[in-house]
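# Survey of secondary and tertiary structure
Each chain is listed here by its residues.
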Amino acid sequence: MIDRAFEPEIMADLPEAIEYNDMDFSEVNRAFVTDFVAYATQSGFELGKDILDLGTGTARIPVELCVQVPTVRVMASDASTQMLELARYNIEIHHMLDRIQLHRGDAKKLVFGREFFDAVISNSLVHHLPECESFFAESLRVLRPSGVLFVRDLFRPESKEQVERLVAIHAGTENERSQQLFRQSLQAALTIQELAELLSRLGIESSCIRQSSDRHWTVAYRKPA
């Protein structure tokens, strides 16, 4: 198993943020939203309430969620000012200013009160965090009873050969810089076993974790009432 190699927690460089925003994640984002909506519906959660998106980046997922679910409202939070500047543009061009609110903050130390949100979602943030337990603990703290926690991220492959295979499959048509960003993200990710051990300390059973693609894990959890 390759060791975890950390990458910067906050994308502070504007050109890098622009390059990230220009990468085509539309299929991945659409699948995330579709899977979240499906899990929420199957577990009896009523959509159309207040949702927190942590590590929102340029707010592509909140926009997609608002398109799929016309009644939902989203607090889109990120630690990067540069990302949020691009997020504001994306929200404006999709006419979502009345449904998506931007917030700059640390996902490991949220300013929101206990049980403030009906759902907490996050896509591709965990691999940026050297210390992940506080992120999950804070997500649970601000989640209301019976609320849904839905988190997805990459998992770390066992070998460098597997890393390169995934880079070739999923970023082979991107430029060298984009391929390197994806390579670094894979190497910075948790394994599913590491994730399971972390979540068990917070009372989330391993049955709530599944491998959802050849490179992703998903945590889908309904907080007890």
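This text follows the structure it describes.
Residues numbered from 1 in each chain as written. Predicted model: local features only at pLDDT ≥ 70, side-chain atom pairs only at ≥ 80, totals over all residues. Heavy atoms only, no water.

### Some thoughts on the side chain of Q179
This is how the line gets drawn: Helix and strand labels come from DSSP, where a helix needs a run of H or I of at least four residues and a strand needs a run of E of at least two; each type is numbered from the N terminus. For every residue, the accessible area (1.4 Å probe, protein chains only) is compared with the maximum for its type, and the residue is labelled buried under 20%, exposed over 50%, or partly exposed between those bounds. Should any heavy atoms of two residues lie within 4.5 Å, those residues are counted as being in contact.
Counting through the fold element by element, Q179 comes out in helix α7 (residues 176–188). Its relative accessible area of 19% is what places Q179 among the buried residues. Once residues lying within four places of it in the same chain are set aside, the contact partners of Q179 are V167, A171, G172 and E174.

### Describing the pairing of strand β1 (residues 50–54)
Stated formally: Here, any two strands with at least 2 DSSP bridges between them count as paired.
Counting buried positions over the five residues of β1 gives four, a clear majority of the element. In this structure, β1 lies alongside strand β2 (residues 73–78), joined through five bridges in parallel fashion. From the neighbouring strand, L52 faces β2, where its bridge partner is M75. Bridge count between β1 and strand β4 (residues 117–123): four bridges; the pairing is parallel. Paired with D53 across the strands is I121, a residue of β4.

### Topic: the pairing of β2
Formally: Orienting the strands away from the viewer, one traces the path from the first strand over the helix to the second; a clockwise path indicates a right-handed crossover.
Counting buried residues in β2 gives five out of six residues, a clear majority hidden from the surface. At this point the chain moves from β1, through helix α3 (residues 60–68), to the parallel β2, and the crossover so formed is right-handed. With five bridges joining them, β2 and strand β3 (residues 100–104) adopt parallel strand pairing. The residue of β3 that forms the bridge with V74 is I100. For the crossover that starts at β2, traverses helix α4 (residues 81–93) and ends in the parallel β3, the hand is right-handed.

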